[in-house]
Amino acid sequence: MMKKQIIVSVVLYMLCLIMSVNVFATDKIFTNHNGVIFSKANYDKFIKIGFSEKEIEDMTQELYDAYQDMEDINFLGAEVRYFKETTTLRYGMSNVIVEEITQEEYETEKTTETMINLLDLSASHETTYKKLEITSYSLGGVHNHRQVNVILNWKKVPKIKSYDIIAARTVGGEIINNTYSGSFTSKETKFEDDCVVLPNTYNYYTTNYAPTYSGWNIADGSLGKKGVGLTAKLSSGGAATCQYDLGLIPSVPMGYSSVIHFKVPMGTTVYGSYQHASKSVDFSSVRKAYTFNDKGLGNVIYFSNNSLANSYDGMGGVSLKV
C-alpha cells in the first residue's frame, strides 16, 4: 500500500512539474533577432501601445529596457487627418497639390486615379490619398510616461517614390532618451503557386530603423530630445518574386505605411508631420538639412533652403497634448 502511495505521489509531483514548465514556456514568448527575451506580458504590452510584430522582432535591448516601466496602459486619444494628393507630371516635371478631405471622402474615394492626356502624351495626372494620425497611451508606473506614435498610411502608392520624412517635435516636455524608433512598411502583391496575384491579399515588408541609422535627424534638449525625424525611401517593390516560364515576376507595392514611436512626460504637446518628396531628392542632401519649429512643413520640418522645402508636398501636420 505504501509503495502504491509513493508511486502516486511521484506521478503527481511530475505532473505538477510539467504543468509549471508549460506555464513558463507559455509566458516566455521568444528571443528576438537581437537576443532580447520577451515575456508574454511584455510582448502584449508592446503590441497594445502600437508596435508591430516585425518591430518587436528587431527591437534592441536598449529600446526594450527603456520601456520596462510599463504597468497600467490606457489609450488617451488621437488626432487623425485625411489628405488628397494630386500629382501632375509633364515633361519629367512634377506639380503636387495637397488638400485636406473628410474621413468619408477618404474611405469612399477610389484608391487612385490616373489620367493620361491623349492630346499630350508627355503629361499625366494622378490622385491618391493619405491618412496621418498621432496616438497616445498612458503607461502607468512610477513616471506615468506617455507613449506617442505618429503614423502615416498611403491608401495607394504614389507615382514618385523618393526619400520621405516623418518627424515630431515637442513643447512643454522632451522625448525621453533611448525611446525613439521608426519603420517604413511596403504592402505588396501576393502570388499563388501559378503566379496568379491573389485578390485583396498582401505581403507586408517592414524595414525598422534603430537610432544608429544615418537617416535620423535629432535635436537635443536639456534632458532628452526636442525633435526627431526619420528620412527613408519608399520601396519600389520586388520584395517577393514568382518564377514562371518566361522568367521572374516581381511583387508590386500596393500601399505604404510609416511610423515613429517615442515616450514623453505627461503634459507634453507633440506635433507630428509627414512630408512626401514630390520630386527625386538626394538622401545625403535632406536627411539632416532641416530643423524643428512651428514655421516648418506640417508645423515641424523647417528647411532654410527653399529648393529643398519645395521638393516636398507641404502636407499639414497633427498635434496632441498628452
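Residues numbered from 1 in each chain as written. Predicted model: local features only at pLDDT ≥ 70, side-chain atom pairs only at ≥ 80, totals over all residues. Heavy atoms only, no water.

### Digging into the state of the cysteines
Link 1 in the chain: Inspection of the entire model under this criterion finds one disulfide.
Link 2 in the chain: In this model C195 forms its disulfide with C242; the gap between the sulfur atoms is 2.1 Å. Taking the sign of the S-S torsion, about -95 degrees here, the bridge from C195 to C242 comes out left-handed. Highlighted residues: C195 in the loop between β9 (181-191) and β10 (197-209) and C242 in strand β13 (residues 241-244), separated in sequence by 47 residues. Across the pair, C242 and C195 agree in class, each one buried. (Disulfide = S-S within 2.5 Å. Helix = DSSP H or I, 4+ residues; strand = E, 2+ residues; numbered from the N terminus. Buried < 20%, exposed > 50% of the residue type's maximum accessible area, 1.4 Å probe, protein only.)

### Some words on the pairing of β10
Link 1 in the chain: Direction of pairing for β9 relative to β10: antiparallel, over a ladder of nine bridges. The residue bridging K187 from the neighbouring strand is Y204, located in β10.
Link 2 in the chain: Turn length for the β9-β10 hairpin, with the two strands adjacent in sequence and antiparallel, is five residues, and the turn residue C195 shows positive phi of about 70 degrees. (Pairing = 2+ DSSP bridges.)

### Overview of the nonpolar core
Link 1 in the chain: Core analysis: the largest hydrophobic core is formed by 29 residues, its most contacted members being L132, F184, I260, F262 and Y274.
Link 2 in the chain: The set of elements that each furnish at least two residues to this core consists of β6 (123-138), β7 (146-154), β8 (163-171), β12 (225-233), β15 (253-264), β16 (269-275) and β19 (318-321).
Link 3 in the chain: Counting 16 residues, the second largest nonpolar core, distinct from the first, contains F46, M59, Y64 and A66. (Core = buried A, V, L, I, M, F, W, Y, C linked by side-chain atoms within 4.5 Å.)

### Considering the packing of aromatic side chains
Link 1 in the chain: Within the structure shown, the criterion is met by 19 aromatic pairs.
Link 2 in the chain: Considering the side-chain rings of F46 and F51, the 5.5 Å spacing of their centres and the 85 degrees angle between planes classify their relative orientation as edge-to-face. Here F46 matches F51 in class, with each residue buried.
Link 3 in the chain: Between F303 and Y312 the ring centres are 5.7 Å apart and the planes differ by 10 degrees, which places this aromatic pair in the stacked class.
Link 4 in the chain: What makes F303 buried here is its relative accessible area of 4%.
Link 5 in the chain: Since its relative accessible area comes to 5%, Y312 is described here as buried.
Link 6 in the chain: One residue, K187, lies across the ring of Y202, its end atom 4.5 Å from the ring centre.
Link 7 in the chain: Residue placement shows K263 over the ring face of Y67; its charged tip is 4.9 Å from the ring centre. (Phe/Tyr/Trp six-rings, centres within 6.5 Å; stacked < 30°, edge-to-face > 60°. Lys NZ or Arg CZ within 6 Å of the ring centre and 35° of its normal.)

### Observations regarding empty space enclosed by the protein
Any empty space left between atoms is shown by rolling a water-sized probe over those atoms.
Link 1 in the chain: Applying the stated rule across the entire model yields one cavity of 30 Å³ or more.
Link 2 in the chain: Forming the boundary of the largest cavity are E85, T87, V96, E126, T128, P158, K159, I160 and H276.
Link 3 in the chain: Looking at side-chain class alone, the lining of the largest cavity contains three nonpolar, three polar and three charged residues. (1 Å grid on protein atoms, 1.4 Å probe; cavity = no way out; pocket = protein on both sides within 12 Å on 5 of 7 lines; lining within 4 Å. Points joined across faces, edges and corners; volume = space filled by probe spheres on them. Nonpolar A, V, L, I, M, F, W, Y, C, P; charged D, E, K, R; others polar.)

### A look at the sheet that holds β12
Link 1 in the chain: Judged by pairing direction, the sheet is antiparallel, and its five strands sit side by side in the order β11-β12-β8-β16-β19 without closing on themselves. Each of the sheet's edge strands pairs with one partner strand only, and the pair in question is β11 (216-220) and β19. Ignoring which end each strand starts from, the neighbouring axes of this sheet average 10 degrees apart.
Link 2 in the chain: The pairing of β8 with β12 spans seven bridges and is classified as antiparallel. (Axes fitted to C-alpha atoms, helices over the stretch in contact; angles between N-to-C directions.)

### Describing the environment of T86
Link 1 in the chain: Looking at the secondary structure, you find T86 in strand β3 (residues 74-90).
Link 2 in the chain: Considered as a pair, T86 and E126 are 40 residues apart in the sequence and their alpha carbons are 5.6 Å apart.

### Overview of the confidence of the model for the protein chain
Link 1 in the chain: When pLDDT is averaged along the protein chain, the result is 86, and 84% of the positions lie at 70 or above.
Link 2 in the chain: Counted against residues more than four places away or in other chains, residues 112-123, with its pLDDT under 50, gives 23 contacts. (pLDDT = per-residue confidence, 0-100. Contact = heavy atoms within 4.5 Å.)

### Considerations on a negative patch on the surface
Link 1 in the chain: Together, E99, E104, E105 and E107 make up a region of like negative charge exposed at the surface.
Link 2 in the chain: It is helix α5 (residues 103-108) that provides the largest number of residues to the negative patch, a total of three residues.
Link 3 in the chain: By the secondary structure assignment, E105 is in helix α5.
Link 4 in the chain: The exposure class assigned to E105 is partly exposed, which follows from its relative accessible area of 36%. (Patch = residues over 30% accessible without salt bridge, like charges linked within 9 Å, V, L, I, M, F, W, Y side chains within 5 Å. Areas by Shrake-Rupley, 256 points an atom, 1.4 Å probe, with all protein chains shown as cover. Salt bridge = Lys/Arg side-chain N within 4 Å of Asp/Glu carboxyl O. Lys, Arg positive; Asp, Glu negative; His and termini not counted. Charge placed at Lys NZ, Arg CZ, Asp CG, Glu CD.)

### Remarks on unusual backbone geometry
Link 1 in the chain: A positive phi angle, near 70 degrees, is found at C195, a position not held by glycine.
Link 2 in the chain: You can call C195 buried: its relative accessible area is 11%.
Link 3 in the chain: We note that N299 has phi near 70 degrees; this positive angle belongs to a residue other than glycine.
Link 4 in the chain: Here N299 shows up in the loop between β17 (290-297) and β18 (301-303).

### A few points about the side chain of D69
Link 1 in the chain: Within the secondary structure, D69 is located in the loop between α4 (61-65) and β3.
Link 2 in the chain: Ignoring sequence-local partners within four residues, the contact set of D69 consists of L139, G140, G141, H143, H145 and K263.

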